Protein chains: 2
Amino acid sequence: MTDRTTPTLASIAARVGVSVNTVSRALRAPNTVRPELRQKIRAAMDELNYVPNRLAGGLSGTRSDVVGVIVTSLHHSEFASLVDTLQAELLAQDLQVMLANTRYDPDEEVRLVRAVLSWRPAAIAIVGIDHPPKAVELLKAAGVPVVEMWDVDGPVIDTAVGIDHRAIGRAQGQHLVERGYRRLAFLGSLRDNDSRAHKRLAGVEEATSAAGLGHVVRRTEPLPGNPDLGERLLGELIERQSDVDAVVCNSDVIAYGVLRGLRRLGRDVPGDVGVIGFGDSEASSCLTPALTTVRPDREAIGRLAAAAILSRIDGGGPEIRRADWRLMTRETTARQSRIPLAMAAAIPADPLGKG
Amino acid sequence: MTDRTTPTLASIAARVGVSVNTVSRALRAPNTVRPELRQKIRAAMDELNYVPNRLAGGLSGTRSDVVGVIVTSLHHSEFASLVDTLQAELLAQDLQVMLANTRYDPDEEVRLVRAVLSWRPAAIAIVGIDHPPKAVELLKAAGVPVVEMWDVDGPVIDTAVGIDHRAIGRAQGQHLVERGYRRLAFLGSLRDNDSRAHKRLAGVEEATSAAGLGHVVRRTEPLPGNPDLGERLLGELIERQSDVDAVVCNSDVIAYGVLRGLRRLGRDVPGDVGVIGFGDSEASSCLTPALTTVRPDREAIGRLAAAAILSRIDGGGPEIRRADWRLMTRETTARQSRIPLAMAAAIPADPLGKG
DNA sequence: TTGAAAGCGGTACCAG
DNA sequence: CTGGTACCGCTTTCAA
């Protein structure tokens with residue numbers, strides 16, 4: 001701290017009495033510098049607490065060491081673990097994560113894509129495959145590898161890693177039907193631009209109509225999902241459709257509120273009403289009754305996404321990869337079946353998510 | 001896409017027929033450029049999908065527009081919402097978040113501090129006040145504003161925003177004592193370098209010893225917290241100390257597993273055993289029995305941290321701010337008290353966290 | 001209102 | 001093995 005300015009390669013060079021160039025090589029290609037000199041340079045750097053300037057490095061060199069990660073939400077741990085995994089795997093390759101959160105706002109998404117691109121990232125990982133046209137245009141024009149995550153079904157920009165949401169919806173619906181539930185409802189946080197949730201909903205409807213059941217009643221709002229919202233939506237649902245006997249929740253946290261609400265209303269779960277969630281949050285297996293839900297292989301998505309990013313940076317070609325998911329059958333749907341198995345068998349499903 | 005190279009200010013300038021710096025000014029100081037020209041420049045940028053290069057901008061200009069955010073974990077939504085809030089508030093000021101996750105590894109922390117500093121951030125926000133000496137040295141040498149989050153009690157680098165963990169521990173212990181619990185245990189994920197958890201534990205012990213009770217039995221592991229770990233630790237605890245009648249869990253997810261385990265063991269909660277958590281995760285109010293826990297004002301921490309960052313960037317001085325927290329009294333500790341109130345009153349506590 | 005030119009801190013290609 | 005020297009793309013005086 002004797003010097004008020006941040007040390008640069010030049011200050012190190014001056015201190016050691018060599019050229020800037022040599023110092024740079026001492027970092028980038030150590031074996032092209034005499035060990036003794038290298039040692040002195042290292043010492044000087046340590047002493048001055050030198051930290052390389054990546055702005056300069058990135059501007060000059062060819063490669064930048066950032067990867068932009070754009071998610072739609074962080075609050076409800078939906079994507080927190082994804083970001084966590086990505087960060088860890090990329091860091092192992094000395095890649096820094098620049099994080100952005102659109103909060104499901106398309107305008108914000110365009111803005112963030114631009115902001116992230118302005119750092120000239122080596123790649124961009126982004127949640128979803130439904131983006132505002134301008135965002136897609138920017139992404140394509142930038143010529144950066146883009147890895148879309150969580151959804152893979154539909155037009156993809158470049159590379160995608162995700163799960164088959166429609167198949168998940170089918171499995172949810174089919175499971176309820178098999179367990180004898182007949183009047184299904186879909187509840188939760190749902191945004192117009194959350195095509196993943198819409199695909200799951202479509203899957204549920206596919207299953208019910210295949211079973212010859214009526215429409216799936218829905219009660220949704222474009223607000224962040226949490227138990228209070230779940231309980232409120234349940235209340236509103238029951239008020240105008242009191243004969244519903246199964247609720248598909250768009251997320252586990254919504255389901256938590258739904259279960260709390262049903263308890264307060266004195267409805268028995270799974271006897272009177274069945275409940276199924278999506279996500280398999282940590283608490284789900286600890287509730288009483290324990291929540292039946294769908295567990296996407298989050299870790300796999302993170303790992304595959306990281307691998308895809310690295311591969312693309314490394315010159316590999318675009319690809320589409322699906323991760324697995326599992327129906328976690330627990331107590332909230334543990335009702336005795338009332339329909340013949342033959343009928344249930346007629347319902348299409350794809351439990352392995354292999355498309 | 002007629003041009004294979006990314007557009008630069010120069011390409012825009014060439015296209016419009018002006019100098020580079022006119023284009024630059026059109027962005028940075030629009031009113032110093034003739035509206036008509038400005039219009040043409042805008043059009044060219046739009047057409048070419050121009051995205052400014054912040055590496056160049058940051059290198060040249062004085063201010064950088066990144067804020068480094070260093071957390072210890074993301075998985076269990078412990079800090080996810082914090083990051084979420086920070087990101088949103090900073091973005092409003094056109095500041096980008098560069099995220100790093102130490103996973104409670106001190107070596108990693110040093111490495112990440114260095115990595116983040118290499119982007120010459122306008123400020124750094126970091127979880128905790130206990131950092132490896134080298135990290136502190138780097139941070140101080142860099143002369144960047146540093147905002148430490150979640151903990152404020154102890155030596156601080158610069159500015160800090162957090163809650164009083166010791167007071168929280170005292171309140172947890174006192175609450176259990178008041179409810180008549182006598183043999184307390186502390187369970188959960190606990191790392192040596194997680195001084196926040198250690199402070200809460202110390203607070204619990206302070207409360208029990210003030211009440212004249214014996215030592216708090218502890219059963220911890222330096223692993224990520226989750227329900228399975230909670231249930232396992234509970235099992236191990238009961239095995240060698242079966243008379244424990246209250247469990248302080250280091251996080252709500254641990255408590256979920258503890259409750260599940262107690263249920264399986266046939267112990268009544270809150271009758272036989274009381275359970276209290278920390279964090280007030282979303283599911284906590286939906287469990288049966290609902291979990292008594294402590295809710296830190298997460299949103300306030302995020303907001304205050306963002307405000308502190310902005311203020312420091314803007315030339316404001318260092319400061320220390322405490323956020324509030326609340327004991328959420330629910331069912332898992334709803335046992336009738338067995339001790340005279342006078343005694344309970346003797347236990348120090350500071351429920352408002354004002355230090 | 002606009003343009004020319006000097007950096008910002010590195011990297012990379014040369015020559016020595 | 002080491003040093004000289006053009007840039008990288010943008011910001012910022014200083015003139016015009």
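Residues numbered from 1 in each chain as written. Chains lettered and ligands numbered in written order. Predicted model: local features only at pLDDT ≥ 70, side-chain atom pairs only at ≥ 80, totals over all residues. Heavy atoms only, no water.

Contacts between the two partners involve 66 residues from chain B and, on the opposite side, 66 residues from chain A. One can count four salt bridges joining chain B with chain A. Where Asp94(B) meets Arg111(A), a salt bridge forms, and the shortest distance between an N and an O atom there is 3.5 Å. Mapped onto the side of chain B that touches chain A, the elements with two or more residues apiece are α4 (54–60), α5 (80–91), β2 (96–101), α6 (106–117), α7 (133–142) and α11 (252–265) of chain B. A per-class count over the side of chain B that touches chain A returns 31 nonpolar, 19 polar and 16 charged. The sheet contact formed by strand β2 (residues 96–101) of chain A and β2(B) spans three bridges and is antiparallel. (Contact = heavy atoms within 4.5 Å. Salt bridge = Lys/Arg side-chain N within 4 Å of Asp/Glu carboxyl O. Helix = DSSP H or I, 4+ residues; strand = E, 2+ residues; numbered from the N terminus. Nonpolar A, V, L, I, M, F, W, Y, C, P; charged D, E, K, R; others polar. Pairing = 2+ DSSP bridges.)

Let us now look at the protein's contact with DNA strand D. Residues in close proximity to DNA strand D total 24 residues, the closest being Asn21(A), Leu9(B), Arg28(B), Tyr50(B) and Ser60(B). Atoms of DNA strand D within 4 Å of the protein belong to the sugar or the phosphate in 65% of instances, the rest to bases. A distance of 2.5 Å separates a phosphate oxygen of DNA strand D from a polar side-chain atom of Tyr50(B). Ser60(B) places a side-chain nitrogen or oxygen 2.4 Å from a sugar or linking oxygen of DNA strand D. (Near = heavy atom within 4 Å. Polar contact = N/O pair within 3.5 Å; in protein donor to acceptor, adjacent residues only side chain to side chain.)

Before going further, it helps to examine the relation of the copies chain B and chain A. Turning chain B through 180° and shifting it by 0.0 Å along the axis lays it on chain A, with an RMSD of 0.1 Å. Here the two chains are linked by the operation of a two-fold rotation axis. In this assembly, 100% of the residues forming the interface of chain B have copies in chain A that are likewise at the interface, indicating an isologous arrangement. (Least-squares fit on C-alpha atoms with pLDDT ≥ 70 in both.)

Attention shifts here to the nonpolar core. Core analysis: the largest hydrophobic core is formed by 72 residues, its most contacted members being Val69(A), Leu86(A), Met149(A), Trp150(A), Val69(B), Leu86(B) and Met149(B). Those residues in contact with Val69(B) that lie beyond four places of it in its chain are Val83(B), Leu86(B), Val97(B), Met98(B), Leu99(B), Ala100(B) and Ala125(B). Counting residues in hydrophobic clusters, the runner-up holds 48 residues, among them Val258(A), Ala283(A), Leu233(B) and Leu259(B). (Core = buried A, V, L, I, M, F, W, Y, C linked by side-chain atoms within 4.5 Å. Buried < 20%, exposed > 50% of the residue type's maximum accessible area, 1.4 Å probe, protein only.)

Another point: the packing of aromatic side chains. If you walk through the whole model with that rule in mind, you get three aromatic pairs over all chains. Residues Trp119(A) and Trp119(B) carry aromatic rings whose centres are separated by 6.1 Å and whose planes lie at 85° to one another, so their mutual orientation is edge-to-face. Of this pair, Trp119(A) sits in the loop between α6 (106–117) and β3 (123–127) while Trp119(B) sits in the loop between α6 and β3 (123–127), each in a different chain. Residue classification places Trp119(A) among the buried positions, given a relative accessible area of 2%. Both rings, one in Phe79(B) and one in Trp150(B), keep their centres 5.5 Å apart while their planes meet at 80°; by these two values the pair is edge-to-face. You can see Phe79(B) sitting in the loop between β1 (66–71) and α5 and its partner Trp150(B) sitting in strand β4 (residues 146–151), a full 71 residues away along the chain. In this pair, the class of Phe79(B) matches that of Trp150(B), namely buried. The ring of Phe278(A) carries Arg200(A) above its face, with NZ or CZ at 3.8 Å from the centroid. (Phe/Tyr/Trp six-rings, centres within 6.5 Å; stacked < 30°, edge-to-face > 60°. Lys NZ or Arg CZ within 6 Å of the ring centre and 35° of its normal.)

Not every one of the 22 residues close to DNA strand C is listed here, only the nearest: Ser24(A), Arg28(A), Ser60(A), Asn21(B) and Thr22(B). Here the atoms of DNA strand C within 4 Å of the protein split so that 60% fall in sugar or phosphate, with bases taking the remainder. Within the contact set of DNA strand C, a phosphate oxygen lies 2.5 Å away from a side-chain nitrogen or oxygen of Ser24(A). Tyr50(A) places a polar side-chain atom, nitrogen or oxygen, 2.7 Å from a phosphate oxygen of DNA strand C.

Residue and element names in this part refer to chain A. Strand order in the open sheet formed by four strands is β7-β6-β8-β9, with parallel pairing between adjacent strands. Only two strands of the sheet have a single neighbouring strand rather than two, namely β7 (217–221) and β9 (274–276). For this sheet the average axis-to-axis angle between neighbouring strands, irrespective of direction, equals 15°. Pairing geometry for strand β6 (residues 184–189) and β7, over five bridges, is parallel. Considered in β7, the bridge of alanine 185 is made with valine 217. Of the strands in this sheet, β6, β7 and β8 (246–249) touch helix α9 (residues 195–210), which is tilted by about 175° from β6. (Axes fitted to C-alpha atoms, helices over the stretch in contact; angles between N-to-C directions.)

All names here are of chain A. Examined against the element boundaries, leucine 95 turns out to sit in the loop between α5 (80–91) and β2. Judged by relative accessible area, which is 8%, leucine 95 ranks as buried. The sequence separation of leucine 95 and leucine 190 amounts to 95 residues, and the corresponding C-alpha distance is 34 Å.

All names here are of chain B. Running from amino to carboxyl end, helix α1 (residues 9–16) crosses helix α2 (residues 20–28) at an angle of 105°, the nearest separation of the two axes being 8 Å. If you check the angle between α1 and α2, you find them roughly perpendicular. Where α1 abuts α2, its residues Leu9, Ala10, Ile12 and Ala13 lie against Val20, Val23, Ser24 and Leu27. In terms of residue class, the contact of α1 with α2 is made up of seven nonpolar, one polar and no charged. (Parallel < 35°, antiparallel > 145°, perpendicular 65-115°, else oblique.)

Its place among the elements puts Pro133(B) in helix α7. C-alpha of Pro133(B) to C-alpha of Pro106(B): the two residues are 27 residues apart in sequence and 9.7 Å apart in space.

The subject of this paragraph is the pattern of salt bridges. Charged atoms that come close allow side chains of opposite charge to pair. All names here are of chain A. Taken as a whole, this structure holds 57 salt bridges over all chains when the rule is applied. Across the pair lysine 134 and glutamate 137 runs a salt bridge, and its minimum N-O distance is 3.9 Å. With lysine 134 and glutamate 137 both in helix α7 (residues 133–142) and three residues apart, this pair spans about one turn of that helix. As a salt-bridge pair, arginine 218 and glutamate 205 come within 3.4 Å of each other at their nearest N and O atoms. Placement of arginine 218 in strand β7 and of glutamate 205 in helix α9 is noted, with a sequence separation of 13 residues between them.

A few words now on the sheet that holds strand β6 (residues 184–189) of chain B. Residue and element names in this part refer to chain B. If you walk across this open sheet you meet the four strands as β7-β6-β8-β9, and the pairing is parallel. Two strands close off the open sheet at either side, each with one partner strand: β7 (217–221) and β9 (274–276). Averaged over all adjacent pairs, the angle separating strand axes in this sheet is 15°, with direction ignored. By the bridge criterion, three bridges tie strand β8 (residues 246–249) to β9 in an arrangement that is parallel. Paired with valine 248 across the bridge in β9 is isoleucine 276.

Right, let's talk about the UniProt feature "domain: HTH lacI-type" (unreviewed entry) in chain A for a bit. With numbering aligned to this structure, UniProt lists the feature "domain: HTH lacI-type" (unreviewed entry) at residues 7–61 of chain A. The straight-line gap between the two end C-alpha atoms of residues 7–61 of chain A is 20 Å; of that span, 69% is helix and 0% is strand. (UniProt positions renumbered as here; feature names shortened; annotations may be inferred.)

On to the pairing of β4(B), then. Residues and elements named next belong to chain B. Burial analysis of β4 places six of its six residues in the buried class, which makes it a mostly covered element. Where the polypeptide runs from β3 across α7 and back to β4, its parallel neighbour, the crossover connection is right-handed. Relative to strand β5 (residues 159–163), β4 runs parallel, the two being bridged by five bridges. In the sheet register, glutamate 148 faces β5, and the bridge partner there is alanine 160. (Right-handed = clockwise from strand over helix to strand, strands pointing away.)

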